[in-house]
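The lines below spell out each chain.
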Amino acid sequence: MASSEVVQYNTPWRRAISIGIGVFLFVYLLWTTLPFFIMFVSSFKDLLEAFKLPAVGHWAGVVVFFDFTPTIKHYLNLFVDLSFSTYLINSIIASAGSAVISITFGAMCAYSLSRFEFRGKKDLFFWIISTRMAPVVAVMVPLYAIFRGAGLVGTLPGLILAYTTFNLPFAVWILKGFFDNVPYAIEEAQMCDGGTRYQAFWSILPLIAPGMGAFMVLCILFAWNDFLFASIIGSGGAKTLPVATRELVQPQNIQWGSIMAAGVVTTIPMMFLGFLIRRYLITGLTMGAVRE
């Protein structure tokens, strides 16, 4: 019986499907990673070598692509001449600061919505998440007027507050599902032993740590890749990497080599962060999906 099941499982139709899935995944992986690979290699090329084309009738384009003398002058131009280290620090502070604030206050609010019953709870929860549904462009003008009146335009605190405006409602919505998935008996046992509600809250935080970590990564990605807030609210003293990279495109000159190097500097930290906590990211994104 077992041998017949094995034979039925290894049918030509199933093998063809497996091969097709493998080919699709390979093509998709190549399609998504090839631009990053070209950007990385081009950042080490001289401008003339980057635009070198094969001769007419010569199709060895791959050989021509790898035929160059590596140079780091584009990276030196970024960090020595263009002060990209300042913009890198601004991006780190703005993204990490917004993520920490959103996680801290979002967890408290989500816990209250998950554990307490009060009048208008559903309406309040819908109002919180509805603020995240609004397009960024629609609220940019009033936000800019408020921030300018408060003297926050062109400052890192203003940029962090702008990111938190959209990250905090999302944190409440996501983390509430994680708290709903934690049995209330754990907190009851904590409070029966003499613990306070605040101590009970802290006792279950390790149980939703993967979810909090996953959401923190999402907050950092949103702030790290943002261009609109950084170019308007953070213009001047709080310039970040995306805005600084855009300024490399000038009417008189487009610094392609520096743009490729800036793309690598902007992309590598987020890719490294994703690989570093990928296991916790997957766990956090799925732990609240099924309620027992």
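No experiment lies behind these values; they were computed from the predicted model shown.

Observations regarding helix 8 (residues 136-149)
Two residues of an α-helix separated by three or four positions point the same way, owing to the 3.6 residues in each turn.
Point 1. With 14 residues, helix 8 ought to run about 20 Å at 1.5 Å a step, and its terminal C-alpha atoms sit 20 Å apart, in line with that.
Point 2. Pro142 marks the point of greatest bend in helix 8, at about 30 degrees.
Point 3. Of the positions making up helix 8, those classed as buried are Met140, Leu143 and Phe147.
Point 4. Tucked inside the fold, the buried residues of helix 8 contact helix 9 (156-180) and helix 13 (228-232).
Point 5. Two residues or fewer after helix 8 comes Gly151, characterised by a positive phi angle close to 70 degrees.

Focus: the packing of helix 6 (residues 84-115) against helix 12 (residues 209-225)
Point 1. Interhelical geometry of helix 6 versus helix 12 gives an angle of 140 degrees and a closest axis separation of 8 Å. When the interaxial angle is binned, helix 6 and helix 12 end up oblique. The way helix 6 lies across helix 12 gives a crossing that is right-handed. From helix 6, Leu88, Ser91, Ile92, Ser95, Ala99, Val100, Ser102, Ile103 and Ala107 reach across to helix 12, where they touch Met212, Phe215, Met216, Cys219, Ile220, Ala223 and Trp224.
Point 2. Grouping the constituent residues of the contact of helix 6 with helix 12 by class yields 13 nonpolar, three polar and no charged.

So, the nonpolar core
In globular proteins that are soluble, nonpolar side chains generally tend to be buried together.
Point 1. By size, the foremost hydrophobic cluster in this structure holds 34 residues, and its most contacted members are Leu78, Phe84, Leu175, Phe179, Ile208 and Met212.
Point 2. Contributing elements (two or more residues each) for this core: helix 5 (73-81), helix 6, helix 9, helix 11 (197-204), helix 12, helix 14 (241-246) and helix 15 (256-276).
Point 3. Beyond its immediate stretch of four places on either side in the chain, Phe84 contacts Leu78, Phe79, Leu241, Ala244, Thr245, Leu248 and Ala262.

With respect to unusual backbone geometry
Glycine aside, residues mostly have negative phi, and peptide bonds are mostly found in the trans state.
Point 1. The backbone phi angle of Ser83 is positive, close to 55 degrees, even though this residue is not glycine.
Point 2. If you trace the backbone, Ser83 turns up in the loop between helix 5 and helix 6.

Details of a nonpolar patch on the surface
Point 1. A cluster of nonpolar side chains, namely Ile19, Val23, Phe26, Val27, Leu30, Leu34, Phe37, Ile38 and Phe66, defines an oily patch on the protein surface of about 850 Å² accessible area.
Point 2. Relative to the elements of secondary structure, Leu34 occurs in helix 2 (residues 12-42).
Point 3. Leu34 sits in the partly exposed class, given a relative accessible area of 40%.

Looking at the side chain of Thr164
Point 1. Considering the arrangement of structural elements, one finds Thr164 in helix 9.
Point 2. The class for Thr164 is buried, based on a relative accessible area of 8%.
Point 3. In terms of polar contacts, Thr164 uses its side chain to reach the backbone carbonyl oxygen of Ile160, at 2.7 Å.

The rules behind the values
- Throughout this document, residue positions are counted from 1 along each chain, in the order its sequence is written.
- Side-chain atom pairs in this predicted model are given and counted only at pLDDT of 80 or more, local residue features only at pLDDT of at least 70, and totals for whole chains, interfaces and linings cover all residues.
- Side-chain metrics rest on all non-hydrogen atoms present in the structure, leaving aside hydrogens and water.
- Each helix is a run of DSSP H or I of at least 4 residues and each strand a run of E of at least 2, with the numbering of both proceeding from the N terminus.
- Helix span is expected to be 1.5 Å times the residue number reduced by one.
- What we call the bend at a residue is the angle made by axes fitted to the seven residues finishing there and the seven residues starting there.
- Only protein chains enter the area calculation, which uses a 1.4 Å probe; residues under 20% of their type maximum are buried, those over 50% are exposed, and those in between are partly exposed.
- In this description, contact between two residues means that some pair of their heavy atoms is separated by no more than 4.5 Å.
- Axis geometry follows a simple rule: fit a line to the C-alpha atoms, using only the stretch in contact for helices, then measure angles between N-to-C directions, giving values from 0 to 180 degrees.
- Working definition: roughly parallel below 35 degrees, roughly antiparallel above 145 degrees, roughly perpendicular at 65 to 115 degrees, and oblique for all remaining angles.
- Two helices crossing with the near one rotated counterclockwise from the far one by less than a right angle form a left-handed crossing, whereas a clockwise rotation gives a right-handed crossing.
- When residue character is reported, Ala, Val, Leu, Ile, Met, Phe, Trp, Tyr, Cys and Pro are called nonpolar, Asp, Glu, Lys and Arg charged, and the others, Gly included, polar.
- Throughout, nonpolar core names a set of buried Ala, Val, Leu, Ile, Met, Phe, Trp, Tyr and Cys residues whose side chains join them through atoms within 4.5 Å.
- Candidate patch residues must exceed 30% relative accessible area and have no salt bridge, after which like charges are joined if within 9 Å and Val, Leu, Ile, Met, Phe, Trp or Tyr side chains if within 5 Å.
- The Shrake-Rupley method, run with a 1.4 Å probe sphere, supplies the accessible areas, and residue values consider only the shown protein chains as cover.
- A pairing counts as a salt bridge when a side-chain nitrogen of Lys or Arg comes within 4 Å of a carboxyl oxygen of Asp or Glu.
- Identification of polar contacts relies on pairs of N or O atoms within 3.5 Å, with a donor-acceptor requirement for protein atoms, meaning one able to donate a hydrogen and the other able to accept it, and with residues adjacent in sequence counted only if both atoms are side-chain atoms.

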